[in-house]
Amino acid sequence: MAKKMPKTDVVIVGVGWGGGIIASELTKKGLQVVGLEKGEERHTEDYYMVHDELRYAVRKELMQDLSKETLTFRSNEKMRALPMRQYGSFLLGEGLGGAGVHWNGQAFRFLPYDFEIRSKTIDRYGKDKIPADMTIQDWGITYDELEPYFDQFEKMAGISGEENPLGGKRSDKYPTGPMKHSKQMDLFKKATENLKYHPYTIPSANLSENYTNPDGIARSACQYCSFCERFGCEYGAKADPVVTVIPVANKTGKFDLRTHSWVRRIVHKGGKATGVLYTDTTTGEEIEQPADIVVVTSYVFNNVKLLLNSKVGRPYDPATGNGVIGKNYAYQVIKGAATGFFKDQEFNNFAGAGALGMAIDDFNGDNFDHSDLNFIHGGYLALTQPGARPIENNPIPKGSPTWGADFKKNSLEYVNKTLSVGAMGASMPYKHHYLDLDPTYKDTFGDPLIRMTFDFEDQDSELAKFTASKASEILKEMGADQIDSMDELGPYDITTYQSTHNTGGVIMGADPDSSAVNNYSQMWDMDNVFVVGASAFAHNSGYNPTGTVGAMAYRASEGILKYNKNGGMLV
Amino acid sequence: MADDNNQDQQEKDVSRRKFLRNSGIAVGGLAVGGVVGSLIPWGTTDNDRNQVKNQTANQKGKNYNHALMYLTKAEFQTVEAATERIFPKDDRGPGAKDLGVPYYIDHQLAGSYGFNARDYMEPPFYHGEKVQGYQGRLKRREIFRIGLRELDNQSQQKHKKKFKDLTDEQMDKMLQGFEGDKIKLSTVSPSGFFELLRSMTLEGLYSDPLYGGNINMDAWRMRNYPGDQMGYMDVIEKDFQKIEPSSLRDHM
């Protein structure tokens, strides 16, 4: 029998951005919170030897150990799903801070269009613009309603930026100014201005200056050391939960953080959650943690897996379109990009920061006319400069040998003479893209793995071709001597890295039939369970997700406090 | 020689001071936590420095890290020959062999990477589609060993010689055959083995020298990569800068 712990007000499953923000907000208001994190504890001091591309970027030191838990994948329902045995397409976080430790720090707000995508698409182009099996829907919340929470997240994290001329209305400016501009960024800025686009510096959680946030947390400025993505920040300059919200929760004395605690079930009775059941991974002991409120804040896949394994919520059925848990899995379309080779110019490509770069939103959302295009939405185009590390970055002209004498010559020649313009393409949900439990493969404790059924659609292919052509156009204006760009997106392939921007599965919406949670991230089917994270996105926008996840976590905190007081459905 | 080293050290101190200024510690007023604080006392006395230097000098000419953990000597020679074809010596600088890449590969195969320690290796095993990735039951160290043996088998069949004794052109042709799955093997995927060989060669070239390759940081130097620097605050806005590389060893 499981050991039973004393009851707490709130138990949080997974302590990353979602869990960290909620823990800090609730404990500040006096609630007793237990945070369960399956990975280990982390400190800034752990990163003294972090400038190690092999250990962190290639061998993925900070990522989830796949030998214990992974997912299975198939392109469509006719295929046999097989485990993702090694890392490729995306990287799962683990340990205190979760994926919020190894992110690049690009902290965008989604566009007003995103939250009302279905209505706005029909208003402008008519119903026929949306393919029959594309399951886009409004989110049950507007940008204006979410705006104060974006602002709250940005002030907590100290986001450095300047106003996006084509973004939603802001109630305040960014708390810190934009990052420094490199020569590459200047070149991009000038070229996109020449083309009459609207460039702006990417909003960055790598601090542009020393900053103290409203919680009194002081952090130092970014050193542009180029080790952000896949690394922890040894300066504490990059906002992550470990250096921002978790210390705030700890300071209240109300936060009981337990690492090495792998939550396996939400325990429930009569339509209410009564707590969670977890395994202490160091001893194998099973422990029950009773709680009035359960908040599920782990990564997309684990949020869905936990709900399905716990039989909480109605599982999605792709045949009928009924049910909601696992529905609207979406991803990102980032291969529609181009690379330019500059014969006579050399750049400091080795230097950078995770969120250093310039972007334009002229081809994002519905900022441009889609009447004659075979896709909806779009993506931002950007020149980013995270700092090119040598194992993973060996740019050579398309079609040239990938090893041997010519490879050596080309890769050494072009390494600092190559610039890329990329696109963060939006991904739309389809009826037949979903997450459910795998019938065959199990995790280290014998629970079924999550199964992903997903492929790129015509929409993605058209979008990628479009952004690739725009990226080429910008590089031409920048003066590249040779430009290689993507010409065909091809099928989704789980083996090549694309982005850790997986979304959906526990989506937010205005009614219980078509969504799993309301706009406070409260489950329609169990009012004392809140599920927070990118799992709530009903589609994925043309942006990195963290800014929006952060905003939603602040919104959820407010909801949980209300629920704690009055109970019942909040919407 | 000694004077040069001193100058090196002085320059490092200057850049460290600069870094401290940039990061806000020297300004005061801000409580900056983390590693930054613990950076200061490391290796700051003259004694510490001299000790480190003497140790390095004693080891000159003999790298005790360069011995085999997994491969046999014959297998190792095949790796030397094959990786050198992937990244050959030329007028720009050394090739994979002189940069220690074969030792890097041997050491990695002996460790957790060779054993696929952090990969999902649970059964059942089925043939998958290309988009589903590796689905075999063999570990990397096993694939590598079989691949090396197949390289020799194919060389014997075609040229009556071991792989390492082929001409450069013959070796390239053989490797191309593996890369493009132009030869049939019943054991491992030829292109899968080649991809492992190629990716491990790049890793050995460009990882921190602490892993056995990239000897003396010469692979970084060849491509003007500065390695492990504290930061580029002073560089980021400037035109291209050539910076003498530094490694994680320099951080101790």
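Whatever comes next refers back to the structure up there.
Residues numbered from 1 in each chain as written. Chains lettered and ligands numbered in written order. Predicted model: local features only at pLDDT ≥ 70, side-chain atom pairs only at ≥ 80, totals over all residues. Heavy atoms only, no water.

Asks: Honestly, the overall build of chain B in this entry has me stumped. Any pointers?
Replies: Within chain B, the regular secondary structure consists of nine helices and zero strands. Listed by position from the N terminus, the elements making up chain B come as α-α-α-α-α-α-α-α-α. The 252 residues of chain B split such that 44% are buried. For chain B, contacts bridging at least 24 residues in sequence account for 57% of all contacts bridging at least 6. For chain B, the accessible surface area stands at approximately 13500 Å², while carbon and sulfur atoms represent 48% of it. (Helix = DSSP H or I, 4+ residues; strand = E, 2+ residues; numbered from the N terminus. Buried < 20%, exposed > 50% of the residue type's maximum accessible area, 1.4 Å probe, protein only. Contact = heavy atoms within 4.5 Å. Areas by Shrake-Rupley, 256 points an atom, 1.4 Å probe, with all protein chains shown as cover.)

Asks: Whenever I open this one, the sheet that holds strand β20 (residues 482-485) of chain A confuses me. Can you help?
Replies: Residue and element names in this part refer to chain A. With antiparallel pairing, the six strands of this open sheet are ordered in space as β6-β15-β16-β17-β14-β20. Strands with a single pairing partner mark the edges of an open sheet, and in this sheet they are β6 (200-201) and β20. Sheet analysis places strand β14 (residues 338-341) next to β20, joined by four bridges and oriented antiparallel. Paired with Phe341 across the bridge in β20 is Gln482. (Pairing = 2+ DSSP bridges.)

Asks: It is not clear to me how the interface of chain B and chain A should be interpreted in this structure. Could you clarify?
Replies: Reports often express the size of an interface as the amount of accessible area lost when the parts come together. The partner chain A presents 82 residues to the 82 residues of chain B that form the contact. Of the roughly 6800 Å² buried between chain B and chain A, counting both surfaces, carbon and sulfur atoms make up 58%. Summed over the shared surface of chain B and chain A, the result is five salt bridges. Taking the shortest distance from any N to any O, the salt bridge between Asp90(B) and Lys408(A) comes out at 3.0 Å. (Buried area = accessible area lost by both parts, 1.4 Å probe. Salt bridge = Lys/Arg side-chain N within 4 Å of Asp/Glu carboxyl O.)

Asks: Sorry if this is basic, but what is going on with the packing of helix α4 (residues 73-86) of chain B against helix α6 (residues 140-159) of chain B here?
Replies: The description of two packed helices rests on the angle between their axes and on the distance between the axes. Residue and element names in this part refer to chain B. It is the contact of α4 with α6, at a shortest axis distance of 10 Å, that shows an interaxial angle of 75°. On the basis of their axis angle, the class for α4 and α6 is roughly perpendicular. Facing α4, whose interface residues are Glu75, Thr78 and Val79, α6 presents Phe144, Arg145, Leu148, Leu151 and Asp152. When grouped by side-chain class, the residues that make up the contact of α4 with α6 number four nonpolar, one polar and three charged. (Axes fitted to C-alpha atoms, helices over the stretch in contact; angles between N-to-C directions. Parallel < 35°, antiparallel > 145°, perpendicular 65-115°, else oblique. Nonpolar A, V, L, I, M, F, W, Y, C, P; charged D, E, K, R; others polar.)

Asks: Even after reading the chapter, I still don't get the pattern of salt bridges, so can you show me in this structure?
Replies: Oppositely charged side chains can form a pair if their charged atoms are brought close together. Residues and elements named next belong to chain A. What the rule picks out here adds up to 45 salt bridges over all chains. Two residues, Asp369 and Arg124, come together in a salt bridge whose shortest N-O distance is 4.0 Å. Within this pair, whereas Asp369 is found in the loop between β15 (357-360) and β16 (379-384), its partner Arg124 is found in helix α4 (residues 117-125), the two being separated by 245 residues in sequence. Owing to a relative accessible area of 44%, Asp369 belongs among the partly exposed residues under this scheme. Residues joined in a network through salt bridges with shared partners are Lys38, Glu69, Lys305 and Asp443.

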